[in-house]
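Listed below, chain by chain, are the residues.
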Amino acid sequence: MGVRAISTYEFPSADRQEMYGDDQLVHVHWKGNLFMCAAACFRAPRAMPWADFKAAMVDGWASSDPDYTPDAPKSWELDGRPFDPKPDQSLADLGVGHKSLISFAG
Amino acid sequence: MSKLSMKDRYGLLTRDLDWSPTYVDPKDVYPYTTFEGIKIHDWDAWEDPFRLTVDSYFKYQAEKDRRLYAVLDSYAQSQGHLGLSDARYLNAMKLFLQGVTPLEYQAHRHFAFLSRYLDGPGPRFAALCQSQDELRHTQTETHTLSLYNKFYGGFHSFSKMHDRVWYLSVPKSFFDDAVSAGPFEFLTSISFSFEYLLTNLLFVPFMSGASFNGDLPTMTFGFSAQSDESRHMTLGLESVKFILEQDEGNVPIVQDWIDKWFWRSYRVTGLVAAMMDYMLPKPVMSWKEAFKLYFEDQMLDGLFPDLAYYGIRPPRHVADAIAEKDVLSHQVYWTLYSFSFAAGFTTTIPEKENLDWLSAQYPDTFERYFRGNWEKAQRIRDAGGRFFFQGLPQLCQTCQIPMLFTEPGDPTRIAFRRSEYKGESFDFCSDGCKWIFDREPEKYVQAWLPVHQIFQGNCGGPSVPEVLAWYGLQEGDAGEYEGSLDQVSWADWHAKGGE
């Protein structure tokens, strides 16, 4: 069922991909580490190479936890599936979509 | 001449003033009471349990106001704020003023709307009284807490913060959801699910916290609102029973709303859980105990067996809420601690006696899953740092809370739920929030999610200082309590007092 309304009820999504131009939202989750209370959300260019994304965004955020080291993340997953990103592949090449969830074990 | 009975007087001063439209179609006068699918056959079957009239209502409220304002005056004149348990207690009141007071105002507006647009004079008048109550609560809460605004951070600009700050989008979007629904859904959401099912977990904890921590003005406000709140609870129950009795076809519609609004309201109480267990220097009772007493015992075991008579069963997803009572407050407050650089209040590591109290209250979970976070945060403090989450969190599309909740029964794994709608992904913290979205995706795709809005450039700019300025936060409002302006002033005032 849908919304019961007094007239036609149809509105665009507030966060549709086009609102972010050439960028998109990407979520990153550090599995099993509840010191970091939730996954992080980033706005990243689809053309951004994985190495840059990892260094600028993932490492910057995960370093909030003093026990993090940049070489620690392993067992990467993209939207629940095993994932083996290479440094020069772009997010788009890797199949990272708008609001995708990337996770790793620390 | 003999005096009229209360019942006759009430009749003459309320329903008797009503008339039936003759030269305008009633459907044009009351255009909003059919589209939800609810059928009302006899509006006169509505029984007002209180039989208030305008003159008695105002006389009674004015008397209560006089008493409250006398207390506020004497508290202000005697520097009563210096007798609080600790300045950090006021963080609970900042959360109340920013998160709850604007909801009172929203409730005032929407009950005013109902007092015009419900077809029956009985429910219209009940809505009018509640509308007045809610406006009065907005005013008295603001006046009560303005006593502290003179001395402490976080109390200014509360309505601006309500509209803009990330954690306040949780209560704000909750109420926006309710007021943008039809009148019967609004009654089920706010009067029943919020005011009846959960008021003892929403409103009362702040007032008891005030009483335990030396906040006489807020406690007095609480007393002055208490009789109104019990009237609102009764109205909530009356309105749902009235709708259910009118037509059998109403039952599944109301059940759906109870399922939705229980979970929506329950998610908002996550902030109250954190307040009860972590923000009161002298805690009243744990969230777990309060949830068991006020929700499981009074509502699930007390109310719902009665509602079974109407064909209503306990809310969907209630088992998840029960399972969560051992972990909820710890997960929510840890999140507030992690992000308090961007909040209208401060947070700090609980004192040792508070940590021990939490261990005793939560023997199965606190030491095992949560105390270690505080010990690690303390080590960071000891090394001269302060832990903050350096980034923005993933949010739930429905409740708008950061996705901090864990799988039912497993406090070590964050719960992720997802739906696809028109080719776009949407994320949820729980089965409850996903279910609510899937019922009405057209509504929730419009959500104003604070994190996403920052990334779209709609919140003052891309940097943290720009966003905080746009939030209306000033120096001393946010961050760590130890060393904050509030804490420094408090220590200073008390050092002088001791000389």
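For clarity, every value in this text was computed on a predicted model and none was experimentally measured.

Enquirer: Which parts of the structure should I look at to understand the overall build of chain A?
Expert: A count of helical and extended segments in chain A gives one helix and five strands. The N-to-C order of helical and strand elements in chain A reads β-β-α-β-β-β. For chain A, the C-alpha radius of gyration of 16 Å lies well beyond 13 Å, the compact-globule estimate for 106 residues. With respect to the principal axes defined by its C-alpha atoms, chain A has extents near 55 × 30 × 25 Å. Relative to its 106 residues, chain A shows a buried fraction of 30%.

Enquirer: Help me understand the overall build of chain B in this model?
Expert: A tally of regular secondary structure across chain B gives 23 helices and seven strands. The C-alpha atoms of chain B give 23 Å as radius of gyration, which agrees with the globular expectation for 499 residues (23 Å, within 12%). Based on the C-alpha atoms only, the size of chain B along its principal axes is roughly 75 × 60 × 45 Å. Counting every position in chain B, which comprises 499 residues, the buried fraction comes to 49%.

Enquirer: Sorry, what's going on with the packing of helix α3 (residues 54-77) of chain B against helix α6 (residues 121-149) of chain B here?
Expert: Each pair of packed helices can be described by the angle between their axes along with the distance between the axes. Residues and elements named next belong to chain B. Here α3 crosses α6 at 5 degrees, and the two axes come no closer than 10 Å. Comparing the axis directions of α3 and α6 gives the class roughly parallel. For the pair formed by α3 and α6, the contact residues are Y57, Q61, L68, L72, Y75 and A76 on the first element and C129, Q132, R136, T140, H143, T144 and L147 on the second.

Enquirer: What's the story with the sheet that holds strand β3 (residues 74-78) of chain A in this structure? I'm lost.
Expert: Working definition: the strands of a sheet are paired by backbone hydrogen bonds and lie parallel or antiparallel to each other. Across the sheet, which stays open at both edges, the six strands sit in the order β4(A)-β3(A)-β5(A)-β1(A)-β2(A)-β2(B) with mixed pairing between neighbours. Lying at the two open borders of the sheet, with one neighbouring strand each, are β4 (81-82) of chain A together with β2 (392-393) of chain B. Two strands pair when backbone bridges link them, and β3(A) and strand β5 (residues 100-105) of chain A are joined in this way by three bridges, in the antiparallel orientation. Bridge pairing in β5(A) links A:E77 to A:S103. The strands that helix α1 (residues 50-62) of chain A touches are β1 (23-31) and β2 (40-45) of chain A; relative to β2(A), the one it contacts most, it runs at about 160 degrees.

Enquirer: Please explain the interface of chain A and chain B as it appears in this structure.
Expert: Quite often, the size of an interface is put as the accessible area lost when its parts meet. The interface is formed by 33 residues belonging to chain A together with 42 residues belonging to chain B. Looking at the side of chain A that touches chain B residue by residue, the class counts come to 20 nonpolar, seven polar and six charged. Pairing geometry for β2(A) and β2(B), over two bridges, is antiparallel. Bridge pairing links A:C41 to B:L392 in β2(B).

Enquirer: In this structure, what is going on with the packing of helix α4 (residues 90-99) of chain B against helix α13 (residues 250-279) of chain B? I would like to understand it.
Expert: Residue and element names in this part refer to chain B. In contact at an axis separation of 10 Å, α4 and α13 are set at 165 degrees when each is read in the N-to-C sense. Relative to α13, the element α4 lies roughly antiparallel. Of the two elements, α4 crosses α13, and the hand of that crossing is left-handed. On α13, the residues touching N91, A92, L95 and G99 of α4 are L271, M275 and M279. When grouped by side-chain class, the residues that make up the contact of α4 with α13 number five nonpolar, two polar and no charged.

Enquirer: I keep staring at the environment of A:Y9 and nothing clicks. Help me out?
Expert: Locating A:Y9 in the fold gives a position in the segment before β1. If near-sequence neighbours (up to four positions away) are discounted, A:Y9 is found in contact with A:V3 and B:E442.

Enquirer: In this structure, what is going on with α4(B)? I would like to understand it.
Expert: Three- or four-residue spacings in an α-helix give side chains the same orientation, since the helix completes a turn every 3.6 residues. For α4(B), the buried fraction is high: 10 of the 10 residues fall into the buried class. Among the residues making up α4(B), those that are buried are B:L90, B:N91, B:A92, B:M93, B:K94, B:L95, B:F96, B:L97, B:Q98 and B:G99.

Enquirer: Got a minute to help me understand helix α8 (residues 169-179) of chain B in this structure?
Expert: Residue and element names in this part refer to chain B. Burial of α8 is extensive: nine of the 11 residues sit out of reach of the surface. Within α8 the residues assigned to the buried category are S169, V170, P171, K172, S173, F174, F175, D177 and A178. Packing partners of the buried residues in α8 comprise α4, α5 (101-117), α7 (158-164), α9 (183-197), α13 and α21 (450-455).

Enquirer: What should I look at first to understand the environment of B:L84 in this one?
Expert: All names here are of chain B. By the secondary structure assignment, L84 is in the loop between α3 and α4. Judged by the 21 C-beta atoms lying within 10 Å of it, L84 is buried. Taking C-alpha positions, L84 is 6.1 Å from D215, a pair spaced 131 residues apart along the chain. Look past the residues within four positions of L84 in its chain and what remains in contact with it is Y89, N213, G214 and D215.

Enquirer: Just checking my understanding: could you explain the confidence of the model for chain B for this structure?
Expert: Note that predicted coordinates carrying low pLDDT should not be read in detail. Averaged over all residues, the pLDDT of chain B equals 94, while 99% of them reach at least 70. The ipTM for the predicted assembly is 0.98, set against a pTM of 0.96.

Enquirer: For this particular structure, what's the right way to read the nonpolar core?
Expert: One recurring pattern in soluble globular proteins is that nonpolar side chains are buried together. Residues and elements named next belong to chain B. Grouped together as the largest cluster of nonpolar side chains are 153 residues, with contacts concentrated most on L271, A274 and M403. The leading source of residues in this core is α13, at 17 residues. Among residues more than four places away in sequence, those in contact with L271 are L95, G99, Y167, V170 and V332.

Enquirer: What am I meant to see in unusual backbone geometry here?
Expert: Trans peptide bonds make up the majority, and among non-glycine residues the majority have a negative phi. Despite not being glycine, A:S75 shows a phi value in the positive range, around 50 degrees. Mapped onto the elements, A:S75 comes out in strand β3. Look at A:S75 and you get exposed, because 11 C-beta atoms sit within 10 Å. Of note, B:H317 is a non-glycine position whose phi angle comes to about 70 degrees, a positive value. Mapped onto the secondary structure, B:H317 falls in the loop between α14 (287-307) and α15 (318-324).

Enquirer: So what exactly am I meant to see when it comes to the pairing of strand β5 (residues 417-421) of chain B here?
Expert: A regular strand places its side chains so that they alternate between the two faces of the sheet. All names here are of chain B. Strand direction decides the pairing type here: β5 and strand β6 (residues 424-428), joined by five bridges, are antiparallel. Pairing of R418 across the sheet is with D427, part of β6. Between the end of β5 and the start of β6, which pair antiparallel, lie two residues, with K422 showing a positive phi angle near 50 degrees.

The rules behind the values
Residues numbered from 1 in each chain as written. Chains lettered and ligands numbered in written order. Predicted model: local features only at pLDDT ≥ 70, side-chain atom pairs only at ≥ 80, totals over all residues. Helix = DSSP H or I, 4+ residues; strand = E, 2+ residues; numbered from the N terminus. Rg over C-alpha atoms; globule rule 2.2 N^0.38 Å. Buried ≥ 20, exposed ≤ 12 C-beta atoms within 10 Å, placed from the backbone. Axes fitted to C-alpha atoms, helices over the stretch in contact; angles between N-to-C directions. Parallel < 35°, antiparallel > 145°, perpendicular 65-115°, else oblique. Contact = placed C-beta atoms within 7 Å. Pairing = 2+ DSSP bridges. Nonpolar A, V, L, I, M, F, W, Y, C, P; charged D, E, K, R; others polar. Left-handed = near helix turned anticlockwise from the far one by under 90°. pLDDT = per-residue confidence, 0-100. Core = buried A, V, L, I, M, F, W, Y, C linked by C-beta atoms within 7 Å.

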